[in-house]
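Here is how the chains run, residue by residue.
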Amino acid sequence: MKRIILVGVAASVLAACASVPQRSDQLEQARAEIDTLAQAPLAQQAAGRDLAAARESLQRAEIAQQHDQPPAIVDHLAYLALRHAQAGEARVSEASARQQVARAQEDRNRILLESRTREAQNAQAQAQNAQAQAQSAQAQAQSAQAAAQNAQAQADLAKDATLAAQAQLAATQQQLADLQAKKTDRGMVLTLGDVLFDTGQATLKPGADLVIGRLATFLNANPQTKIMIEGHTDSRGSDAYNEELSEQRARAVADALTARGVSADSVRTLGRGKAYPVASNDTPEGRQQNRRVEIIFSDPSGQFAQAN
């Protein structure tokens, strides 16, 4: 009985070993290649037919192996599947290369376009900058021209003012010369002798009206001119007496001028007494020259000479 059982088990083992398909390296390689192709991003797009043909050949090889067909048939079918997969991979590689070339071309075109855009923008910016510089230069030129014209106008005005001042100065000097004023280091000085006053008096004589009138006419015509009226005496009498008398005589001339319309702001008076003789006090003639009133004229701007 035991022998019968052992024989049955051995037969079952032999039958099981006979039903297990033999392993095929060609078939394994074909499966791996097909899996690789199927995972490629462009497989369906570029190698769909090759993938389908490879899977069909692989399926036929697997069926042949399951039906215990000769290994040569299985390997042949597996080889066909492998070749279809390899052809598909070649197509995928070619499509990928074309995509890379296209992307490279797109990148090149984009870079060229960007470069040209930048060049155009730079050229536009340079043109705008050049235009702005030209406008600025034109504005500067116009400003310089206006400044030159203004400077010329000012120079012309200054020249005219100088000529007018020179003419006025010449006219003033001529008028002062007509009054018999003399040019000194103190400016133009008009000397009025003691014929204007009685001896020891500070009241103007009627005969002084002519010279006072001419002087007032000149000052009213030249309001910018100021005068300093100085009274002088001879040496007779005390210092205090002579200073007081000389001041009164200078004031008398000033009052006569203001009475004829001369501005009081244009007139200053000073009593010099006997301190500044112009001749010897030892003779009557010399003392007569020392008894005098001097009128010092300012320049046309109202300034007196430094010597004063």
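Everything below is about the structure shown above.
Just so we're clear, the structure is a prediction, and the values are computed from it rather than from any experiment.

(A) Examining the packing of aromatic side chains more closely. Following the criterion strictly, the structure yields 1 aromatic pair and no others. Taking the centre distance of 5.7 Å and the plane angle of 85° together, the rings of F218 and F297 count as edge-to-face. Of this pair, F218 sits in helix α5 (residues 209-221) while F297 is found in strand β5 (residues 292-297), placing the two residues 79 residues apart along the sequence. A relative accessible area of 5% places F218 in the buried class.

(B) Examining the side chain of R249 more closely. Position of R249 among the secondary structure elements: in helix α6 (residues 239-259). Taking relative accessible area as the criterion, R249 reaches 5% and is therefore assigned buried.

(C) Geometry of the pairing of β5. Within β5, 6 of the 6 residues are buried, which leaves the element mostly enclosed by the surrounding structure. Side chains of β5 alternate between two faces, with R292, E294 and I296 and V293, I295 and F297 buried alike. Bridge count between strand β2 (residues 187-193) and β5: 5 bridges; the pairing is antiparallel. Bridge pairing links T191 to E294 in β5. Judged from the 6 bridges that link them, strand β3 (residues 227-232) and β5 form a sheet pairing that is antiparallel. Among the inter-strand pairings, G231 is bridged to a residue of β5, identified as V293.

(D) Broad picture of the pairing of strand β4 (residues 267-273). For β3 and β4, the ladder comprises 6 bridges, and the chain directions are parallel. In the strand pairing of β4, I227 is matched with V267. Handedness of the β3-α6-β4 crossover: right-handed.

(E) Quick peek at the nonpolar core. Residues I229, L257, I295 and F297 are the most contacted members of the largest nonpolar core, which totals 26 residues. When residues of this core are traced back to their parent elements, those giving at least two are β2, α5, β3, α6 and β5. Tallying contributions element by element places α6 first for this core, with 6 residues. Setting aside its immediate chain neighbours within four residues, I229 contacts A250, V253, A254, L257, V267, R268, T269, L270, V293, E294 and I295. Within the second largest apolar cluster, 21 residues are counted, among which are I34, L42, L82 and A95.

Reading the values: the criteria
- The residue numbering used here restarts from 1 in each chain and proceeds along that chain's sequence as written.
- Only residues with pLDDT of at least 70 get local features here, since the model is predicted, and only at 80 or more are side-chain atom pairs given and counted; chain-wide, interface and lining totals rely on the full set of residues.
- Computation of side-chain values: all heavy atoms of the structure, hydrogens and water removed.
- Centres within 6.5 Å are what make two rings of Phe, Tyr or Trp a pair, Trp counting through its six-membered ring; a difference in plane orientation under 30 degrees is then read as stacked, over 60 as edge-to-face, and the rest as tilted.
- Per the convention used, a helix needs a DSSP run of H or I reaching at least four residues, while a strand needs a run of E reaching at least two, with both numbered from the N terminus.
- With a 1.4 Å probe rolled over the protein chains alone, any residue whose accessible area is under 20% of its type maximum counts as buried; one over 50% counts as exposed, and the rest are partly exposed.
- Pairing between two strands is assigned when DSSP locates at least 2 bridges connecting them.
- Crossovers are marked right-handed if the path from the first strand over the helix to the second runs clockwise, as seen with the strands pointing away from the viewer.
- The criterion is simple. A nonpolar core is a set of buried Ala, Val, Leu, Ile, Met, Phe, Trp, Tyr and Cys residues joined through side-chain atoms within 4.5 Å.
- In this analysis, two residues are considered to be in contact whenever any of their non-hydrogen atoms come within 4.5 Å of each other.

None of the figures reported here should be taken as evidence of function without further support.
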